[in-house]
Structure formats: C-alpha cells, structure tokens
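# Structural overview for review
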Amino acid sequence: MRDHGEVIRDLINRRVSLIGKMSDFNANGLRLLQQKLGNDVLLINEPYSAEYHRGINLNNRQIVSNLACIAQLEIAMQRLDHDIESALSKEK
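These remarks concern the structure in this document. What you are looking at is a predicted structure, and each value in this text was computed from that prediction instead of being measured. (Residues numbered from 1 in each chain as written. Predicted model: local features only at pLDDT ≥ 70, side-chain atom pairs only at ≥ 80, totals over all residues. Heavy atoms only, no water.)

## Quick word on the nonpolar core
Among the nonpolar cores identified, the biggest contains nine residues, and these are Ile 8, Leu 11, Leu 18, Met 22, Leu 73, Met 77, Leu 80, Ile 84 and Ala 87. Among the secondary structure elements, those contributing two or more residues to this core are α1 (4–45) and α2 (50–91). It is α2 that contributes the most residues to this core, five residues altogether. Apart from the residues lying within four places of it in its own chain, the contact partners of Leu 73 are Leu 18, Lys 21, Met 22 and Phe 25. (Core = buried A, V, L, I, M, F, W, Y, C linked by side-chain atoms within 4.5 Å. Buried < 20%, exposed > 50% of the residue type's maximum accessible area, 1.4 Å probe, protein only. Helix = DSSP H or I, 4+ residues; strand = E, 2+ residues; numbered from the N terminus. Contact = heavy atoms within 4.5 Å.)

## A closer look at the pattern of salt bridges
As enumerated under the stated definition, the model contains one salt bridge in all. Residue Arg 15 pairs with Asp 81 through a salt bridge whose shortest N-O separation is 2.5 Å. With Arg 15 in helix α1 and Asp 81 in helix α2, this residue pair connects regions lying 66 residues apart in the sequence. (Salt bridge = Lys/Arg side-chain N within 4 Å of Asp/Glu carboxyl O.)

## A look at the side chain of Asn 59
As for its placement among the helices and strands, Asn 59 is situated in helix α2. Given the relative accessible area of 1%, Asn 59 is considered buried. When sequence neighbours within four positions are dropped, the list of residues in contact with Asn 59 reads Leu 32, Gln 35, Lys 36 and Asn 39.

By themselves, these figures tell us nothing about what the structure is for.
Next up, the structure:
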C-alpha cells in the first residue's frame, strides 16, 4: 500500500499534467481564433467563395470541439482539486 505522501505526490503530478494539456488546448484555441479572423478578412474580399465558406465551417467546428475539450479538462481539474483537498485534509 502506498503511503499518504505518495498519494499526494501522484495527485499533484496528475494536476501538473492536466495543466499542460489545458495550456495546449488554450494555445490551439487562440490559433483557431486567429485563423477565423483571417477567414473573416478574406470573406470581405470574396464573400461568395465556396472554398472560404468550407474553410470557415471547418474552422468553426474545430473551435467548438476545442472549447468542448477545454470544458472537459476544467471538469477533470475540479475533480482532481477536490481529491487533492480531501487527501490534504486526511494528512492533518
């Protein structure tokens, strides 16, 4: 059986890993939003281009998917924070 310190260390390591994943998804979200803004500018010049509309639709789906992943990671972070708080309260 693992001692209490190992349990807390494992929880903290999982939290650090989760923060890294959230950072990656946030960076990707910023990239997707920049791409969307670029597409919006292109639409000003060619509002009826089917190619741009396909790109915009794909970009919008990617943004929604990315936001859903971030929301799932935030829920996982809340659960992990609860587990850490529980583990730390047992330490006292």
